[in-house]
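# Architecture and fold: a report
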Amino acid sequence: MGLTLAQKIIKEHLVSGEMIAGQEISIKIDQTLTQDSTGTMAYLQFEAMGIDRVKTEKSVAYIDHNTLQAGFENADDHKYIQTVASKHGIYFSRPGNGICHQVQLERFGKPGKTLLGSDSHTPTGGGIGMLAIGAGGLDVAVAMGGGAYYITMPKIMKVELKGKLRKWVTAKDVILEVLRQISVKGGVGYILEYSGEGVSTLSVPERATITNMGAEHGATTSIFPSDEITREFLKAQGREEDFVEIQPDADAVYDKVITVDLDELVPLVAKPHSPDAVDTCDNVGKIKVDQVFIGSCTNSSYADMMKVAKILKGKTVHPDVSLVIGPGSKQVLNMLAENGALADMIDAGARILESACGPCIGMGQSPKTDAISLRTNNRNFYGRSGTMSAQVYLVSPEVAAVSAIEGVLTNPMDYGDSIDISFEMPKQFKVNDNMVVSPAPSAADVDVVRGPNIQPFPINTALAETVKGVSLIKLEDNITTDHIMPSNAKLLPYRSNIPYLSDYCLAPSDPEFSKRAKENGGGFIVAGSNYGQGSSREHAALVPLYLGIKAVICKSFARIHMANLINNGILPLTFSNPDDYDKIDMGDELVLEGIRDEILNGKPITVKNVTKNIEIPVDITLSDRQRHIMAAGGLLNYTKEQVSNS
Ligand code: MIC
Ligand code: SF4
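Below or above, wherever it landed, is the structure these notes cover. (Residues numbered from 1 in each chain as written. Chains lettered and ligands numbered in written order. Predicted model: local features only at pLDDT ≥ 70, side-chain atom pairs only at ≥ 80, totals over all residues. Heavy atoms only, no water.)

### Quick look at the environment of valine 552
What counts is decided by this rule: What counts as a helix is a DSSP run of H or I of at least four residues, what counts as a strand is a run of E of at least two, and both are numbered from the N terminus. We call two residues contacting when some pair of their heavy atoms lies within 4.5 Å.
Inspection of the secondary structure puts valine 552 in strand β23 (residues 549–554). With residues up to four places along the chain from it excluded, the contact list for valine 552 reads Ile525, Tyr531, Phe557, Leu565, Ile570, Leu571, Pro572 and Leu573.

In structure tokens form, the structure reads like this:
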């Protein structure tokens, strides 16, 4: 039986387990990336492992999230990451060099290699045929130390692309269509592999837009084949030698197939507050727009920016619209500056931001009260823009640019041929890696600088025989990590300070949650399905751990968050019967009797609701190794135990 694209790469990197969907496997990681908002934790955890130098082929530490520097905190984090990276053999991409995923694609990603990143949009690398996976900081720290990365072997979903996109219809519309078809939960447990005649019509940046936003349907990753288009891209980046061709076998077998007819697609939007609330631009209609943001790791490539510049050239941004543009990398910004496209944007009235995440993660540019904001980024979760009453719609750069001129949501197809947006990928990108600092030759050469914002992180204790506590909150479906641990310009500077962050845990759902958790000395979280979707931020587990959360009981979990809970020794339990969700109310007293034995020996688990005097069966999906991690109180404790037993 032939292999799919992803299966081929997994096979080559397999360290343990069998490639049978649903079974635990571990794979060797070739490259890692971190960014600053998850990086400080990842490096504190790496330091706790006591390893001198990273064991990967290439590890890069990016600064792209916390670049506002409204106080000393961000800059302290940057210095810590720069020095810790230098000491341990990690390349350092300085603030201003660009968004991690964009730069990794341009400068470091290699087809056929594995990449583990402490950011959920790491699958952007799938655009050049890498197996690129997002994970919590601790998993990335372990990979940097040479440890294998453990995952459940995913099923493979083939996305058959038919035909060719029409003018004004874009890669963003392709991934929005996939989200419309399979929802924010539809990718859980899968790798999405793109194939079909449409593949050869898409450039590498277009492919990367699609794999990037695969994070939103919950897949382990998404991937395109590596073909002549990939070779041309790498050649234009001055690194043709990194090219290898990777295609699935003709007789590869897929667990599921979906089809996207590129010819039939029209410009789409994702309505507030979910990336799968997809409708056509025309159906949503000409709603008045207050703000437009073009940028983020989804849509900030040179190709995207050039099309936007062509649309804006000679026009003026509507007086009621604030248009902000953040080119994705120094390379992109530099090329726009050199060819005059930047001047066209500025001339039209666009506000140019540095090459960083910026508004996508609420670092500035929060829109006005009740605003309608069109954004080219990948998430429109409630409150993420920093303005709770804002309505964020996700759109393509083309829709964003024409709407910024018109002042209302506009289907760019209405422009027909009146604007020429044709664009050819450059034969040669501007290559200058002078903002990437190489590590010091030896660890002894560097002293790590730790400002006062770098606080120790909580470590769990071994799992007790019996666990009890109060149900502290009852949440609905699709709770995101932006609910659990919000990020915005006020909070992001404290990503290295768990005690400070703990006051804001689950605040968008219930501002009193943290206080209640502290008064009760911790307890349980109860939720609906797809709990923890979105970001890879380990803070969504570390902060609950700090607050004494013992278990989350829900209908289902998102992949990365569940791994983060396990890594930190918080029990991820699911209702055996989803309707039992109704049998726990906030304030109920819950007991897990004999839980340690049940976990270690894989016995059935029952939650006793003492208040209601009922028993509720729950499940936990753990490999053997994870049972021992849970019992030890998390991965760090488990690793220490392993080391002292060996
Ligand atoms: C995001 O897009 O939500 C982030 C900010 O990039 C996160 C990482 C983080 O929370 O720091 C992600 O996607 O993993
Ligand atoms: Fe940055 Fe936004 Fe991309 Fe996350 S999704 S890495 S915040 S640009």
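From this point, things continue past the structure.
### Some thoughts on the site of ligand 2
Going by this rule: Summary of the distance rule: residues count as near a molecule or strand when at least one heavy atom falls within 4 Å of that molecule or strand. Side-chain classes are defined by residue name, with Ala, Val, Leu, Ile, Met, Phe, Trp, Tyr, Cys and Pro counting as nonpolar, Asp, Glu, Lys and Arg as charged, and the others, Gly among them, as polar.
Around ligand 2 sit His65, His101, Asp119, His121, Ser296, Cys297, Cys357, Cys360, Ile361, Asn378 and Arg384, and those are all the residues in its vicinity. Taken together, the residues of the shell around ligand 2 break down into 4 nonpolar, 5 polar and 2 charged.

### Section: the site of ligand 1
Quick note on the threshold: The term polar contact refers here to a pair of N or O atoms within 3.5 Å; inside protein, the definition further demands a hydrogen-donor-capable atom paired with an acceptor-capable atom, and it admits residues adjacent in sequence only when both atoms are side-chain atoms. Only the protein chains shown count as cover for residues, with accessible areas throughout obtained via the Shrake-Rupley method and a probe of 1.4 Å.
The environment of ligand 1 is made up of 14 residues, and the closest members are Ser37, Asp119, Ser120, Ser536 and Arg537. The contact in question runs from an oxygen atom of ligand 1 to an N or O atom on the side chain of arginine 379, over 2.9 Å. Within the side chain of arginine 495, a nitrogen or oxygen atom sits 2.8 Å from an oxygen atom of ligand 1. Computed on the free molecule, ligand 1 has an accessible area of 330 Å², of which 97% lies beneath the protein chains in the complex. Of the residues that constitute the shell around ligand 1, the class distribution is 1 nonpolar, 8 polar and 5 charged.

### Here's the deal with the pattern of salt bridges
Test applied: Put simply, a salt bridge is a Lys or Arg side-chain nitrogen that is within 4 Å of an Asp or Glu carboxyl oxygen. Relative accessible area decides the class of each residue, using a 1.4 Å probe on protein chains only: under 20% of the type maximum gives buried, over 50% gives exposed, and in between gives partly exposed.
Taken as a whole, this structure holds 30 salt bridges when the rule is applied. Of the charged contacts in the structure, one is a salt bridge between aspartate 242 and arginine 239, with a shortest N-O distance of 2.8 Å. Just as aspartate 242 is buried, arginine 239 falls in that class too. The closest approach of N and O atoms between arginine 537 and aspartate 482, which form a salt bridge, is 3.1 Å. Residue arginine 537 is located in the loop between β22 (523–526) and α17 (539–546), and its partner aspartate 482 is located in helix α14 (residues 481–484); the two are separated by 55 residues in the primary sequence. Look at arginine 537 and you get buried, because its relative accessible area is 3%. It is possible to trace a salt-bridge network through shared partners that takes in Lys110, Arg239 and Asp242.

### Brief notes about the side chain of asparagine 564
Position of asparagine 564 among the secondary structure elements: in helix α18 (residues 559–567). Apart from the residues lying within four places of it in its own chain, the contact partners of asparagine 564 are Gly136, Ser536, Arg537, Glu538 and Ala541.

### Some points on the pairing of strand β26 (residues 605–609)
Every regular strand shows the same layout, with side chains that alternate between the two sheet faces. The test is simple: By this definition, two strands are paired if DSSP reports at least two bridges between them.
Across the two faces of β26 the burial differs, with Ile605, Val607 and Asn609 buried and Thr606 and Lys608 not buried at all. Taken together, the 2 bridges between strand β25 (residues 589–592) and β26 define a ladder with antiparallel strand orientation. Bridge pairing in β26 places valine 591 opposite lysine 608. Two elements, β26 and strand β27 (residues 614–619), share 5 bridges in a ladder whose sense is antiparallel. Its bridge partner being in β27, asparagine 609 is matched across the sheet by isoleucine 614. Counting the residues that bridge the hairpin from β26 to β27 gives 4 residues, and of these asparagine 613 lies at a positive phi of roughly 55°.

### Here's the deal with the pairing of strand β8 (residues 149–152)
Burial along β8 is one-sided: the residues Tyr149 and Ile151 are buried and none of Tyr150 and Thr152 is. Of the pairings in the sheet, the one linking strand β2 (residues 24–27) to β8 comprises 4 bridges and is antiparallel in character. Along β8, the bridge assignment pairs isoleucine 25 with isoleucine 151.

### Concerning unusual backbone geometry
Omega for the peptide link from proline 272 to histidine 273 comes to -5°, which places this bond in the cis form. On the secondary structure map, histidine 273 appears in the loop between β13 (268–270) and β14 (278–280). Of note in this structure, tryptophan 168 is not a glycine but carries a positive phi near 80°. Its location among the elements puts tryptophan 168 in the loop between β9 (155–162) and α6 (171–182). Within the chain, serine 183 stands out as a residue other than glycine whose phi angle is a positive 70°. Here serine 183 is to be found in the loop between α6 and β10 (190–195). By relative accessible area, which is 25% here, serine 183 ends up partly exposed.

### Looking at helix α12 (residues 341–348)
Test applied: Think of the arc as the fan of directions from the helix axis to the C-beta atoms.
Of the positions making up α12, those classed as buried are Ala341, Leu342, Asp344, Met345 and Ala348. Buried residues in α12, looked at end-on, bunch into an arc of 160°, giving them a common side. Residues of α12 that are buried sit in contact with α10 (302–312), β16 (322–325), α11 (330–339) and β17 (351–352). Downstream of α12 by a residue or two, glycine 349 has a phi angle that is positive, lying close to 105°.

### Regarding the packing of α6 against helix α7 (residues 204–212)
Heads up, the condition is: Fitted lines through C-alpha atoms give the axes, limited to the stretch in contact for helices. The angle between two N-to-C directions lies from 0 to 180 degrees. Note on terminology: angles under 35 degrees are roughly parallel, angles over 145 are roughly antiparallel, angles of 65 to 115 are roughly perpendicular, and the others are oblique. The sense of a crossing depends on the near helix, which, turned anticlockwise from the far helix by less than a right angle, makes the crossing left-handed and, turned clockwise, makes it right-handed.
At their nearest, the axes of α6 and α7 sit 8 Å apart, and the two run at 25° to each other. The angle between α6 and α7 falls in the class roughly parallel. Every pair of crossing elements has a handedness; the one defined by α6 and α7 is right-handed. The segment α6 lies against α7, with Ala171, Lys172, Val174 and Ile175 engaging Glu206, Thr209 and Ile210. Of the residues belonging to the contact of α6 with α7, the class tally is 4 nonpolar, 1 polar and 2 charged.

### What to know about the sheet that holds strand β3 (residues 31–34)
The strand order across the open sheet formed by 6 strands is β7-β6-β3-β4-β5-β20, and the pairing between neighbours is mixed. A strand with exactly one partner marks an edge of an open sheet, and here the two such strands are β7 (131–134) and β20 (436–437). Inspection of the sheet shows strand β4 (residues 58–62) paired to strand β5 (residues 91–93) by 3 bridges, in the parallel sense. Its bridge partner being in β5, valine 60 is matched across the sheet by tyrosine 91.

### Points about the packing of aromatic side chains
Two measures describe an aromatic ring pair: the distance that separates the ring centres and the angle between the ring planes. We apply this condition: Aromatic pairs are defined between Phe, Tyr and Trp rings, using the six-membered ring for Trp, whenever the two ring centres lie within 6.5 Å; interplanar angles under 30 degrees are classed as stacked, those over 60 as edge-to-face, and all others as tilted. Charge-over-ring contacts are defined here by two conditions on Lys NZ or Arg CZ: a distance within 6 Å of the ring centre and an angle within 35 degrees of the ring normal.
A full pass over the atoms with the stated rule returns 9 aromatic pairs. Centroid distance tyrosine 194 to phenylalanine 224: 4.7 Å. Interplanar angle 5°. Geometry classified as stacked. You can see tyrosine 194 sitting in strand β10 and its partner phenylalanine 224 sitting in the loop between β11 (221–223) and α8 (228–236), a full 30 residues away along the chain. By relative accessible area, which is 1% here, tyrosine 194 ends up buried. Ring geometry for tyrosine 531 and phenylalanine 557: centres 6.2 Å apart, planes at 80°, overall edge-to-face. On the criterion of sequence distance, the pair formed by tyrosine 531 in the loop between β22 and α17 and phenylalanine 557 in the loop between β23 and α18 is long-range, its members being 26 residues apart. Given a relative accessible area of 9%, phenylalanine 557 falls into the buried group. Chaining the aromatic ring pairs together yields one cluster made of Phe233, Tyr302, Phe423 and Phe429. Sitting above the plane of the tyrosine 91 ring, lysine 58 keeps its charged end 3.9 Å from the centroid.

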